[in-house]
Amino acid sequence: MEDKIVCITGASSGIGWATAKAFANQNARLILCGRRKEKLVELQKQLNVDSIQLVFDVRERKAVFEAFESLPDSWKQITILINNAGNAHGIDPVQTASIDDWDAMIDGNVKGLMYVTKAVLPKMVEVKKGQIINLGSIAGKEVYPNGSVYCSSKFAVDAFTSGLRIDLNPYKIRVGAIHPGLVETEFSQVRFKGNTDRAEKVYKGIEALSAEDIADAILYMANTPERVNIADLVILPTQQANAYVQNRDS
Ligand code: NDP
Ligand code: 8X3
C-alpha cells in the first residue's frame, strides 16, 4: 500500500477510525475526513504514516468540493476512496418520526456520499485507475421496523454503488460495497441522541461485530489483485440472522 493514497470519510470514529489504522499498518498515505477536527488530530498522532485531514460536513455540497480542491497536488490522485461517513438519526415509525432526522440521514448518507464520490472521481477517470468502497448496511438489504428512512438511505447506497459500477466499467475503476449488521461504535449513541441506556440495549446479549472486523474486510477488498472486484459483501454477527432476527443471550 506504500504508493497508495487512501481517502476515508468518517475517520473520526468507529469503522472509519479502525480502517485508518488498518491501512496505516500497511503504510498507505491517508486522507482523513470528518467534522470533528480534534478527533482527526488525535487519530493522526496514533498513526506512523503520512496523513492529511479534511474537515467538512458531507451534507455541505460546496464544502465537499472545496475540501478536495484544497488538497496539495501531491495528494490529489486518490487511489482508494472509502465512503464511510454516515449515521442513523432516530428509530421511529414514519407517522411520528422527525423530518429533521430524515434530512440528516438522506443528506448525509446518500447525497453526502454522492458529493464526495463526484469530487474524487475526475482524477480516477483521468488515469483509468482507482477503487471506491461504500459503506452500506444490512439495513440497505432488508427493512426493519421503525427504520424506514435509515433503511431507505442505505438502499440508496446499494443502488448508487451498482449504478456507479456500471458507469465506471469502461475505466477499470473498481466499485463495491460492504454491508455490516450490528457493529459496536458510536453509531447507537448518535442514533439515540446520547441516550446511553437505549444505545447500550442495542448490543445487549449479542456479540456485535467490532469496527476492526469491518476494517479487516475493507482491507481485504482493497488488497485483492486489480482484476478482482469484490462487488458486494454482507457481514453479520453470528448471533444476527438478518436485519431484524437476533439470538440474544438472556
Ligand atoms: P460512528 O458514529 O462511530 O462514526 C460515524 C462517522 O461518520 C464519524 O466519523 C462521523 O464523523 C462521520 N459523519 C457522520 N455524519 C457526517 C457528516 N454529516 N459529515 C461528515 N462526517 C460525518 O458510526 P460507524 O463507524 O458505525 O458508522 C460508519 C458507517 O458504517 C456509517 O455509514 C454507518 O451507517 C455504517 N454502518 C454502521 C453499522 C453499525 O452497526 N455501527 C452497521 C452497518 C453500517 P464526525 O462526527 O466527526 O463528522
Ligand atoms: C447499522 C446496522 O441494524 O443498526 O446500519 O441498522 S442497523
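Whatever comes next refers back to the structure up there.
Residues numbered from 1 in each chain as written. Chains lettered and ligands numbered in written order. Predicted model: local features only at pLDDT ≥ 70, side-chain atom pairs only at ≥ 80, totals over all residues. Heavy atoms only, no water.

Colleague: How do you make sense of the site of ligand 2 when you look at a structure like this?
Modeller: In the region of ligand 2, the neighbouring residues are Ser 137, Ala 139, Tyr 144, Tyr 150, Leu 182, Phe 187 and Arg 191. Between Ser 137 and ligand 2, the recorded distance is 2.5 Å, taken from a side-chain N or O atom to an oxygen atom. In this structure, an oxygen atom belonging to ligand 2 sits 2.6 Å away from a side-chain N or O atom of Tyr 150. Relative to its free-state accessible area of 240 Å², ligand 2 is covered by the protein chains to the extent of 88%. Residues of the shell around ligand 2, tallied by class, amount to five nonpolar, one polar and one charged. (Near = heavy atom within 4 Å. Polar contact = N/O pair within 3.5 Å; in protein donor to acceptor, adjacent residues only side chain to side chain. Areas by Shrake-Rupley, 256 points an atom, 1.4 Å probe, with all protein chains shown as cover. Nonpolar A, V, L, I, M, F, W, Y, C, P; charged D, E, K, R; others polar.)

Colleague: When you look at the nonpolar core in this model, what are you seeing that I'm missing?
Modeller: Side chains of nonpolar character tend, in soluble globular proteins, to be buried together. Counting 34 residues, the largest nonpolar core has Phe 23, Leu 30, Ile 82 and Ile 218 as the members making the most contacts within it. Of all the secondary-structure elements, those providing two or more residues to this core are β1 (5-8), α1 (14-24), β2 (29-34), α2 (37-46), β4 (80-83), β5 (131-135) and α8 (211-223). Of the residues forming this core, the biggest block, eight residues, is contributed by α8. Excluding residues within four positions of it along the chain, Leu 30 makes contact with Val 6, Ile 8, Ala 20, Phe 23, Ala 24, Leu 47, Val 49, Asp 50, Ser 51, Ile 52 and Trp 75. Ile 5, Cys 33, Ala 119 and Leu 168 belong to the second largest nonpolar core, which has 26 residues in total. (Core = buried A, V, L, I, M, F, W, Y, C linked by side-chain atoms within 4.5 Å. Buried < 20%, exposed > 50% of the residue type's maximum accessible area, 1.4 Å probe, protein only. Helix = DSSP H or I, 4+ residues; strand = E, 2+ residues; numbered from the N terminus. Contact = heavy atoms within 4.5 Å.)

Colleague: I'm lost on the site of ligand 1 in this one. Help?
Modeller: Taken together, 29 residues are adjacent to ligand 1, and Ser 12, Ser 13, Arg 35, Tyr 150 and Thr 185 come closest. Glu 186 places a polar main-chain atom, nitrogen or oxygen, 3.2 Å from an oxygen atom of ligand 1. Contact with the protein chains removes 96% of the 880 Å² of surface that ligand 1 exposes when unbound. Taken together, the elements giving at least two residues each to the shell around ligand 1 come down to α1 and α5 (148-168). When the residues that make up the shell around ligand 1 are grouped by side-chain class, the tally is 11 nonpolar, 12 polar and six charged.

Colleague: Help me out: how do you make sense of empty space enclosed by the protein in this one?
Modeller: Taking a probe equal in size to a water molecule and rolling it over the atoms shows the remaining empty space. Across all of its chains, the model carries one cavity of 30 Å³ or more by this definition. Of the volumes computed, that of the largest cavity is approximately 90 Å³. Taken together, 16 residues make up the lining of the largest cavity; nearest its centre are Asp 92, Trp 102, Met 105, Asn 146 and Val 149. When residues of the lining of the largest cavity are traced back to their parent elements, those giving at least two are α4 (99-127) and α5. (1 Å grid on protein atoms, 1.4 Å probe; cavity = no way out; pocket = protein on both sides within 12 Å on 5 of 7 lines; lining within 4 Å. Points joined across faces, edges and corners; volume = space filled by probe spheres on them.)

Colleague: Is there a simple way to think about the environment of Tyr 150 in this case?
Modeller: As for its placement among the helices and strands, Tyr 150 is situated in helix α5. A C-alpha to C-alpha distance of 36 Å links Tyr 150 and Asn 48, two positions 102 residues apart in sequence. When neighbours within four sequence positions are excluded, Tyr 150 is seen to be in contact with Asn 87, Ala 88, Met 105, Asn 109, Ser 137, Ala 139, Tyr 144, Phe 187 and Arg 191.

Colleague: Would you take a moment to explain the layout of surface pockets for this structure?
Modeller: Within this model, the second largest pocket holds a volume of roughly 260 Å³. The wall of the second largest pocket is formed by 17 residues, among which Lys 129, Gly 130, Gln 131, Arg 174 and Glu 226 lie closest to the centre. Here the lining of the second largest pocket is built from residues that sort into four nonpolar, six polar and seven charged.

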